[in-house]
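Listed below are the residues making up each chain.
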Amino acid sequence: MSFETVSQSRCFGGTQFVYRHVSRETGTPMRLAAFVPPQAAAGKVPVVWFLSGLTCTEENFTVKAGAQRMASELGLILVAPDTSPRGEGVPDDPEGAYDFGLGAGFYVDAVQEPWAKNYRMRSYLEQELPSLVADSLPADMGRQGIMGHSMGGHGALTIALRNPGRFKAVSAFSPIASPMNCPWGEKALSNYLGSDRSAWRDYDACALIESGARVPDLLIDQGTSDSFLESQLKPQLLEEACSRAGQPLTLRRQDGYDHSYFFIATFIEDHLRWHAERLG
């Protein structure tokens with residue numbers, strides 16, 4: 001399947017695309033946003049993935065983070081996929097809660113019904129979508145970085161840890177550090193995967209690091225005024241896991257910042273420069 005162009009707009013000398021395609025993994029139409037910098041006219045350039053958080057689509061990062069200017073300067077493709085399957089017949093939280101179902105795929109391959117048919121975001125992002133990006137965009141797949149926010153920060157960390165060597169740079173804003181140990185994660189993992197907590201470990205960055213998974217280094221920004229800091233995000237658990245394992249980690253606690261895209265927009269330049277240094 002190839003991408004169908006939904007829209008394209010000139011932006012800082014490059015082009016901001018929104019694409020649609022039919023996914024074999026989710027069995028649904030899927031959308032993604034991709035910014036292609038002007039340097040791509042001369043050949044393939046590095047690609048940085050951004051995974052968004054609860055309730056988000058491909059649009060949130062694309063229109064709120066202000067990342068295109070810096071990606072244009074640094075010569076980076078930015079790919080922002082959706083956070084879950086969508087469409088007719090795709091199951092949602094029966095109570096309409098924001099933290100499960102549509103917009104809350106948690107980047108897992110579900111095994112429980114009725115979620116198993118469509119909620120295959122792990123395979124979608126680890127296998128299907130990279131292949132399509134490689135075929136459709138001027139992306140140097142030997143130079144990939146990945147980052148994300150909140151639920152997407154959890155996704156970025158776990159995808160990188162499960163795929164050693166694929167990503168030369170990994171970072172996150174306010175990630176859910178240990179889904180096994182917070183209400184958001186416990187709800188999602190128990191419903192998608194079942195009650196066997198050993199099956200959850202593949203989707204918990206702290207557990208993966210404890211089991212020996214490693215990435216070259218990590219950059220994490222966390223706002224100190226984030227309303228989810230103590231109950232859901234728990235960066236200290238990641239800090240402790242990395243310290244015990246010798247996993248390099250730069251964890252920056254940013255005074256007064258919250259969970260919003262204002263926080264991301266403030267520090268996105270730091271993250272993109274950090275990725276560009278490692279991607280060459």
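Residues numbered from 1 in each chain as written. Predicted model: local features only at pLDDT ≥ 70, side-chain atom pairs only at ≥ 80, totals over all residues. Heavy atoms only, no water.

Caption draft 1: Summary view of the overall build of the chain. If you tally the helices and strands in the chain, you get nine helices and nine strands. Taken over the C-alpha trace, the chain has a radius of gyration of 17 Å; the compact-globule value for 280 residues is 19 Å, and the two agree within 12%. The principal-axis extents of the C-alpha atoms in the chain amount to approximately 50 × 40 × 35 Å. For the chain, buried positions account for 59% of its 280 residues. At a minimum sequence separation of 6, the contacts of the chain that also span at least 24 residues come to 72%. (Helix = DSSP H or I, 4+ residues; strand = E, 2+ residues; numbered from the N terminus. Rg over C-alpha atoms; globule rule 2.2 N^0.38 Å. Buried < 20%, exposed > 50% of the residue type's maximum accessible area, 1.4 Å probe, protein only. Contact = heavy atoms within 4.5 Å.)

Caption draft 2: Main features of helix H9 (residues 261-279). At Phe267, H9 is bent by approximately 50°, the largest bend along its length. At the exit of H9 stands Gly280, carrying a positive phi of roughly 85°. (Bend = angle between axes of the 7 residues up to and from the residue.)

Caption draft 3: Just the packing of aromatic side chains, in detail. The full count for this structure, using the stated rule, is 14 aromatic pairs. The interplanar angle of 85° and the centroid separation of 6.5 Å between the aromatic rings of Tyr98 and Trp184 together place this pair among those described as edge-to-face. Of the two residues, Tyr98 is situated in the loop between strand S5 (77-81) and helix H3 (121-136) and Trp184 in helix H5 (residues 183-193); the sequence distance between them amounts to 86 residues. These aromatic residues form a ring-pair network of at least three members: Phe100, Trp115, Tyr119 and Tyr192. (Phe/Tyr/Trp six-rings, centres within 6.5 Å; stacked < 30°, edge-to-face > 60°.)

Coordinates in, geometry out; function isn't part of it.
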